[in-house]
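Descriptive analysis of the structure
For reference, the chains in residue letters:
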Amino acid sequence: MKVFNTLSGEKEEFSPQGDEIKMYVCGVTPYDEAHLGHAMSYIIFDVIRRYLEFRGYKVKYVQNVTDIDDKIINRANKLGISPRELADKFTKSYFDDMAALNIGKPDITPYATEELPKIIEIVQGLIDKGYAYPAQGSVYFRVRNVPDYGKLSHRSPESMMAGMRIEPGEEKENPMDFVLWKASKVDEPTWESPWGPGRPGWHIECSAMSLKYLGNTLDIHGGGQDLIFPHHENEIAQSESFTGVKPFVKYWLHNGMVQLGEEKMSKSLGNLVTIKQALERYSPDAIRIFVLGSHYRSPLTYAEEALEAAEGGVERLLRVISRDDPTGGKGEALGAEPYRKQFIEAMDDDFNTPKALAALFDLARAINQAADFGIGFKKAKNVLATLARDVLGLKLGIVVTPEPIKAVASTGVPTVIIGSPPTPEVELRVNRLVEEREKCRKEKNWRQADEIRGKLAELGVAVEDTRTGTDIKYKRVPSEESLDSLMAELGIALEDTPKGTVWKQKR
Ligand SMILES: [Zn+2]
């Protein structure tokens, strides 16, 4: 297995320290909603973690939350709430987004504000060794004492110096030096320290949390390419100077940035698409396929057509997963091994997910062909489902029979759910609307039937007539309110009776 290591600038044979891979990925600074850039990064590292586990490794995955930072303080002040309140709100929102995208939880999620003792221990240790110095209540890292500073970003001292300066009020010896501990300003959250009240700098938090939970050498450290300099460069300087152990990280993995057209998607450019906005329009599986359709080190260009194509891909996989083996698993069967091998070879080559996806879709096509020729494909389908679900983290829907109204189920065709399943309340309403459309069709009221279908489509629910009946496909889950207002337009009301909730036609 080969991985591209930012430190060497080359693809290297992956040889971790032991059977348990120690993996750290920089987490969020929760001051606003997470956007597609976050989705890309965390989906990629989720797939890397899943693949390593698939290959038989144990993975200990740590991802922090930077719950104290200038951005949090500034935004909280603007909104007139406490930094704690703001950070808690967006931390929760972030984890909701991650769960919706089927991104596995890290094994450990340390919060910077809960790791002050370790942070202070490291800052003090760096001062004791001459790598840091206090000045007016702050503490700075002395970059000139680290001869190999710049080894990760491969930058010359001159290029690193560009843009570095001493801000008014800073007592740095050198513009390159960076802050480890910030003396507190008025009205900011502070913690006691040997250098006076203050708060930690961003870089030291990640060093403290990774060293504390994973030890002096990590196998994998991940993050976006925008973190290479100065954040990760500084993490190396701090950690290696403190522990005296090199390397701090064996393999540095960095993902590319999400772009909108030619520009990077960023808050400062005001061109962000939040994860929640994307989930309103596309299924989580489509978002994952969209992200994995480009190599993780390349830029990913956001385009609606690309997401729609990914949605089509989800549907193709779902159809295959829902097909039944005509031989019942006996007799001649399709061999999945060449596709599985192709998938693994792609992933072994620096996690080449576009190639892995191509292998998966080739397998899907082969299964469809086998089915059409009456050849068995039960095992091949299992291989497809395992690679798609366990490694790529696709949910690939859940095929359910609509409950509790049986009118639709009586057509004998299951509902196909793409993405998160609807709540029973939503399902009750959708089924009732589909039933109403069936009634209109029987009465040859085509106009009304089409209107119901059109309105449901606008809400993300596709109603499709097939040879055997009617399919209901949830591309996204509509709100109860939007369905209620559609039902009100049609004169259908929901009433509670002693027998439960029933639908009454008012016309
Ligand atoms: Zn970090």
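Counting starts from 1 at the beginning of each chain's written sequence and moves along it residue by residue. With pLDDT at 70 or above as the cut-off, local features in this predicted model cover only qualifying residues; side-chain atom pairs require 80 or more to be listed or tallied, and sums for whole chains, interfaces and linings still use all residues. Values shown for side chains rest on all heavy atoms present in the structure; no hydrogens or waters enter the calculation.

1. Regarding the coordination of the zinc ion
The condition is simple: In this listing, donors mean N, O and S atoms no farther than 2.8 Å from the metal, or 3.2 Å for Na, K and Ca; water is missing from the atoms, so a site can look incomplete. Think of it this way: any DSSP run of H or I at least four residues long counts as a helix, any run of E at least two long counts as a strand, and we number them from the N terminus.
Taken together, Cys26 (SG), Cys206 (SG) and His231 (NE2) make up the protein donors of the zinc ion, found 2.0 to 2.1 Å from the metal. Along the chain, the residues that donate to the zinc ion are spaced as C-x179-C-x24-H. Residue Cys206 is found in helix α6 (residues 202-214), and its partner His231 is found in helix α7 (residues 228-243); the two are separated by 25 residues along the sequence.

2. Observations concerning the packing of helix α4 (residues 116-128) against α7
Put simply, the rule is: Only the stretch in contact is used when a helix axis is fitted, and all axes are lines through C-alpha atoms; the angle between N-to-C directions ranges over 0 to 180 degrees. With respect to orientation, any angle under 35 degrees is reported as roughly parallel, any angle over 145 as roughly antiparallel, any angle of 65 to 115 as roughly perpendicular, and every other angle as oblique. For this analysis, residues touch if any pair of their heavy atoms sits within 4.5 Å.
Two elements in contact, α4 and α7, have axes whose closest approach is 9 Å; the angle formed by their N-to-C orientations is 70 degrees. As judged from the angle between their axes, α4 and α7 are roughly perpendicular. In contact with Glu121, Ile122, Gly125 and Leu126 of α4, α7 contributes Gln238, Ser241 and Phe242.

3. So, the environment of Gly18
The residue Gly18 is located in the loop between β2 (10-13) and β3 (20-25) in this model. Along the chain, Gly18 and Trp181 lie 163 residues apart, while their C-alpha atoms are 34 Å from each other.

4. As for the pairing of strand β17 (residues 470-474)
Using the following cut-off: Each residue is placed in one exposure class: buried if its accessible area under a 1.4 Å probe, protein chains only, is under 20% of its type's maximum, exposed if it is over 50%, and partly exposed if it falls in between. Between any two strands, at least two bridges found by DSSP are needed for them to pair.
Most of β17 is tucked away: five of the five residues are buried. Residues Thr470, Ile472 and Tyr474 line one face of β17 and the alternating positions Asp471 and Lys473 line the opposite face, and both faces are buried. Bridging between strand β16 (residues 461-465) and β17 involves five bridges; their strand directions are antiparallel. Within the sheet, the bridge partner assigned to Val463 lies in β17 and is Ile472.

5. Topic: the layout of surface pockets
Rules: Cavity means a closed set of points on a 1 Å grid over the protein atoms alone, one where a 1.4 Å probe fits but cannot get out, pocket means an open set with protein on both sides within 12 Å along at least 5 of 7 lines, and lining means a residue has an atom within 4 Å of a point. Grid points are joined across faces, edges and corners, and a volume is the space filled by probe spheres set on the points.
If you add up the space inside the largest pocket, you get close to 940 Å³. The wall of the largest pocket is formed by 42 residues, among which His35, His38, Lys71, Asp226 and Leu227 lie closest to the centre. At the level of elements, α1 (36-54), α2 (70-79), α3 (83-100), β8 (198-200), α6 and β9 (218-224) are the ones that each hand at least two residues to the lining of the largest pocket. With five residues, the single largest contributor to the lining of the largest pocket is α1.

6. A short note on the pairing of β3
Rules: The crossover handedness rule: strands pointing away from the viewer, path from first strand over the helix to second strand clockwise, crossover right-handed.
In terms of strand pairing, β3 meets strand β4 (residues 58-63) through six bridges, oriented parallel. Each residue of the ladder has a partner; that of Met23, found in β4, is Tyr61. Handedness of the crossover joining β3 and β4 through α1: right-handed. Bridge count for β3 against β9 is three bridges, and the pairing is parallel. Bridge assignment links Val25 to a residue of β9, and that residue is Gly222.

7. Regarding the packing of helix α9 (residues 284-292) against helix α10 (residues 304-322)
Threshold: The sense of a crossing depends on the near helix, which, turned anticlockwise from the far helix by less than a right angle, makes the crossing left-handed and, turned clockwise, makes it right-handed. Basically, the charged four are Asp, Glu, Lys and Arg, the nonpolar ten are Ala, Val, Leu, Ile, Met, Phe, Trp, Tyr, Cys and Pro, and anything else, Gly included, counts as polar.
Contact geometry of α9 with α10 gives a least axis separation of 8 Å together with a crossing angle of 115 degrees. Viewed along their axes, α9 and α10 adopt a mutual orientation that is roughly perpendicular. Taken as a pair, α9 and α10 cross one another with a handedness that is right-handed. In this structure, α9 contributes Asp285, Ala286, Ile287, Ile289 and Phe290 to the contact, and α10 contributes Ala306, Leu307, Ala310, Glu311, Gly313, Val314 and Leu317. Broken down by class, the residue content of the contact of α9 with α10 amounts to nine nonpolar, one polar and two charged.

8. Here we look at the sheet that holds strand β11 (residues 258-260)
Spatial ordering of the open sheet is given by β12-β11-β13, a layout of three strands whose pairing is mixed. Of all the strands in the sheet, the pair left with one neighbour each is β12 (263-264) and β13 (300-302). Strand direction decides the pairing type here: β11 and β13, joined by three bridges, are parallel. Within β13, the residue paired with Gln259 across the bridge is Thr301.

9. Quick notes on α10
Each full turn of the α-helix corresponds to 3.6 residues, which orients residues three or four apart in the same direction. Put simply, the rule is: Expected span of a helix: the number of residues minus one, times 1.5 Å.
An ideal rise of 1.5 Å per residue puts 27 Å on 19 residues; α10 measures up with 27 Å between its terminal C-alpha atoms. Within the span of α10, buried status applies to Leu307, Ala310, Glu311, Gly313, Val314, Glu315, Leu317, Leu318, Val320 and Ile321.

10. Re the side chain of Asn64
To keep things clear, this is the line we draw: Any N or O atom pair separated by 3.5 Å or less is treated as a polar contact, with the protein-specific requirement of one donor-capable and one acceptor-capable atom, and with residues adjacent in sequence counted only for side-chain atom pairs.
Tracing the backbone through its elements, the reader meets Asn64 in the loop between β4 and α2. Among the polar contacts made by the side chain of Asn64, one reaches the main-chain amide nitrogen of Gly27 at a distance of 2.7 Å. Of note is the side chain of Asn64, whose polar atom sits 3.1 Å from the side chain of Thr66.

11. Observations regarding the environment of Arg437
Relative to the elements of secondary structure, Arg437 occurs in helix α15 (residues 424-442). Between the C-alpha atom of Arg437 and that of Ala286, which follows or precedes it by 151 residues, the distance is 29 Å. What Arg437 contacts, discounting residues up to four positions off in sequence, is Ala449, Ile452, Arg453, Val463, Asp465 and Thr470.

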